[in-house]
Amino acid sequence: MTTVTTPAGVRLAKVFTGRQRYVPVLATAGVLVLMWIGASLRYENFADLQVLLNIFKDYAFLLVLAVGMTFVILSGGIDLSVGSMLALSTMICASLITDHGLSPGVVIPLVLVIGAVSGSAMGAMIHFFEVPPFIATLAGMFLARGLCYVISTDSIRISHPFFTETATTMVPLGDYRIDPSVVVSLIVVALAFVVLHYTRFGRNVYAIGGNEQSAMLMGLPVAATKVAVYAISGLCATGAGVLYTFYTGAGYSNTGIGMELDAIAAVVIGGTLLTGGSGFVLGTVLGVLVFGVIQTIIQFQGLLSWWTRIAVGALLLLFIVLQRVIGARKV
């Protein structure tokens with residue numbers, strides 16, 4: 001018996017259903033566990049919990065950035081502006097605090113609002129003016145990066161006591177200690193998990209990513225959801241920039257170049273379908289950890305940093321092929 005599949009049916013068939021939607025994230029978890037076991041057997045003290053906590057510290061800003069990107073990709077979009085928005089937030093923080101003497105209590109909320117408003121503007125352009133997400137966010141990327149250079153072409157050091165004290169403060173965790181940025185990034189992950197899996201807004205995001213036309217026919221608030229998704233991405237980008245200023249203690253115009261690609265790679269390696277509609281924010285956490293473990297192994301091995309890009313690129317290709325294979329089996 002031959003089954004006739006409509007174009008809409010083909011599109012929906014590519015969205016993982018049932019147990020198959022867990023395959024990519026389980027594959028990521030498997031790769032992560034194998035890498036961790038192999039490195040622990042090869043390198044002394046690699047299995048120490050402090051190594052894992054240090055990975056979270058070094059990639060806390062990327063985790064927040066990738067959480068925002070998860071919302072966008074789940075909705076079927078893409079956001080190329082997040083790396084530049086991260087850099088712009090570091091420059092705004094550094095300039096207003098160091099050069100103009102404003103309080104971090106004023107500057108940090110201002111930066112977050114700028115990120116949300118900028119993301120909303122790009123989301124509105126994408127939906128109401130039907131500008132492709134690639135083009136709209138590419139324009140946002142150039143605009144944000146250009147504004148960084150308008151503020152300053154040099155690095156601006158932040159010497160405010162709040163930043164220096166927060167950067168050196170550690171939160172006790174039994175015999176171990178974790179950086180406050182790790183706590184913030186995990187709170188962001190928890191909030192994103194609740195929003196995506198336990199709210200109507202989260203269900204709308206998945207529905208739009210699965211099939212936007214069907215979502216509109218069902219009466220879902222497509223416009224408001226798409227604008228909100230990009231607002232969340234902008235908010236997370238500037239939030240990641242704030243964490244980065246704590247991490248480096250400075251703002252710099254060239255910060256975050258290519259970081260949007262790192263965020264996209266982490267989300268895809270974490271099992272989120274590039275065409276939208278399927279994925280998990282906890283998978284994104286695993287994707288970021290894969291980044292961190294690869295980088296740590298390369299450091300232990302004494303290799304140059306570009307090997308991280310090679311390894312991540314190979315994994316990214318592997319997971320894209322895996323997505324295509326699973327999608328083809330559903331058609």
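About the thresholds
- Residues numbered from 1 in each chain as written.
- Predicted model: local features only at pLDDT ≥ 70, side-chain atom pairs only at ≥ 80, totals over all residues.
- Heavy atoms only, no water.
- Helix = DSSP H or I, 4+ residues; strand = E, 2+ residues; numbered from the N terminus.
- Rg over C-alpha atoms; globule rule 2.2 N^0.38 Å.
- Buried < 20%, exposed > 50% of the residue type's maximum accessible area, 1.4 Å probe, protein only.
- Contact = heavy atoms within 4.5 Å.
- Areas by Shrake-Rupley, 256 points an atom, 1.4 Å probe, with all protein chains shown as cover.
- Lys, Arg positive; Asp, Glu negative; His and termini not counted.
- Charge placed at Lys NZ, Arg CZ, Asp CG, Glu CD.
- pLDDT = per-residue confidence, 0-100.
- Expected span 1.5 Å × (residues − 1).
- Arc of directions from axis to C-beta.
- Phe/Tyr/Trp six-rings, centres within 6.5 Å; stacked < 30°, edge-to-face > 60°.
- Axes fitted to C-alpha atoms, helices over the stretch in contact; angles between N-to-C directions.
- Parallel < 35°, antiparallel > 145°, perpendicular 65-115°, else oblique.
- Left-handed = near helix turned anticlockwise from the far one by under 90°.
- Nonpolar A, V, L, I, M, F, W, Y, C, P; charged D, E, K, R; others polar.
- 1 Å grid on protein atoms, 1.4 Å probe; cavity = no way out; pocket = protein on both sides within 12 Å on 5 of 7 lines; lining within 4 Å.
- Points joined across faces, edges and corners; volume = space filled by probe spheres on them.

A. Layout of the overall build of the chain. Scanning the chain from N- to C-terminus turns up 15 helices and four strands. A compact globule built from 331 residues would reach a C-alpha radius of gyration of about 20 Å, and the chain, at 20 Å, matches this within 12%. Counting every position in the chain, which comprises 331 residues, the buried fraction comes to 50%. When contacts within the chain are restricted to residue pairs at least 6 apart in sequence, long-range pairs at least 24 apart make up 80% of them. Just so you have it, the chain exposes about 15500 Å², and 68% of that area is on carbon and sulfur atoms. Both charge centroids of the chain, one from 16 positive and one from 13 negative side chains, sit 17 Å from each other.

B. Spotlight on the confidence of the model for the chain. Summarising the model, the chain shows a mean pLDDT of 89, and 92% of its residues fall at 70 or more. Taken as a whole, residues 1-16 scores under 50 in pLDDT and shows 26 contacts with residues more than four places along the chain or in a different chain.

C. Highlighting helix H2 (residues 23-42). Here H2 spans 28 Å end to end across 20 residues, near enough to the 28 Å set by a 1.5 Å rise per residue. Of all the positions in H2, only Pro 24, Val 25, Thr 28, Leu 32, Met 35, Trp 36 and Ala 39 are classed as buried. Down the axis of H2, the sector holding all buried residues measures 110 degrees, keeping them to one side. Exposed residues pointing more than 90 degrees away from the buried face of H2 are listed as Leu 26, Leu 34 and Leu 41.

D. Quick look at the environment of Val 33. Among the structural elements, Val 33 can be located in helix H2. For the pair Val 33 and Val 290, spaced 257 residues apart in sequence, the C-alpha to C-alpha distance is 9.4 Å.

E. Broad picture of the packing of aromatic side chains. All told, the structure shown has 12 aromatic pairs when counted by the stated rule. Ring centres of Tyr 43 and Phe 46 lie 6.4 Å apart, and the angle between their planes is 40 degrees; on these two criteria the pair is classed as tilted. Residues Tyr 43 and Phe 46 agree in their burial class; the two are buried.

F. Region of the structure containing the packing of helix H5 (residues 82-99) against helix H6 (residues 104-128). With their axes 10 Å apart at the nearest point, H5 and H6 run at an angle of 150 degrees to one another. Classified by the interaxial angle, the pair formed by H5 and H6 is roughly antiparallel. Helix-helix and strand crossings are classified by hand; for H5 and H6 the assignment is right-handed. Packed against H5, whose contacting residues are Met 85, Ser 89, Ile 92, Cys 93, Leu 96 and Ile 97, the element H6 presents Pro 104, Val 107, Leu 110, Val 111, Ile 114, Gly 115 and Ser 118 at the interface. Class assignment for the residues of the contact of H5 with H6 results in 10 nonpolar, three polar and no charged.

G. Structural view of helix H14 (residues 281-301). The end-to-end C-alpha distance of H14, which contains 21 residues, comes to 30 Å, matching closely the 30 Å that a straight helix rising 1.5 Å per residue would cover. Just downstream of H14, Gly 302 is the residue with a positive phi angle, here 80 degrees.

H. Molecular detail of the layout of surface pockets. Of the voids in this model, the largest pocket is the one considered here, and its volume is about 520 Å³. Residue lining of the largest pocket: 22 residues in total, with Asp 58, Tyr 59, Phe 61, Gln 295 and Gln 299 positioned closest to the centre. Of all elements in the fold, only helix H3 (49-58), helix H4 (60-74), helix H12 (222-248), helix H13 (259-269), H14 and helix H15 (306-330) reach the threshold of two or more residues within the lining of the largest pocket. Looking at the lining of the largest pocket, the element that brings in the most residues is H14, giving five residues. Of the residues contributing to the lining of the largest pocket, the split by class is 11 nonpolar, eight polar and three charged. In this structure, the second largest pocket spans a volume of roughly 300 Å³.

I. Representation of the side chain of Thr 272. Within the secondary structure layout, Thr 272 lies in the loop between H13 and H14. Once residues lying within four places of it in the same chain are set aside, the contact partners of Thr 272 are Thr 70, Ile 73, Leu 74, Val 267, Ser 278, Gly 279, Phe 280, Thr 284 and Gln 323.

J. Quick look at unusual backbone geometry. Non-glycine residue Asn 45 carries a positive phi angle of around 70 degrees. When you line up the elements, Asn 45 lands in the loop between H2 and H3. In this structure, Glu 130 is a non-glycine residue whose phi angle is positive, near 55 degrees. With respect to the helices, strands and loops of the structure, Glu 130 is situated in the loop between H6 and helix H7 (133-151). By relative accessible area, which is 67% here, Glu 130 ends up exposed.

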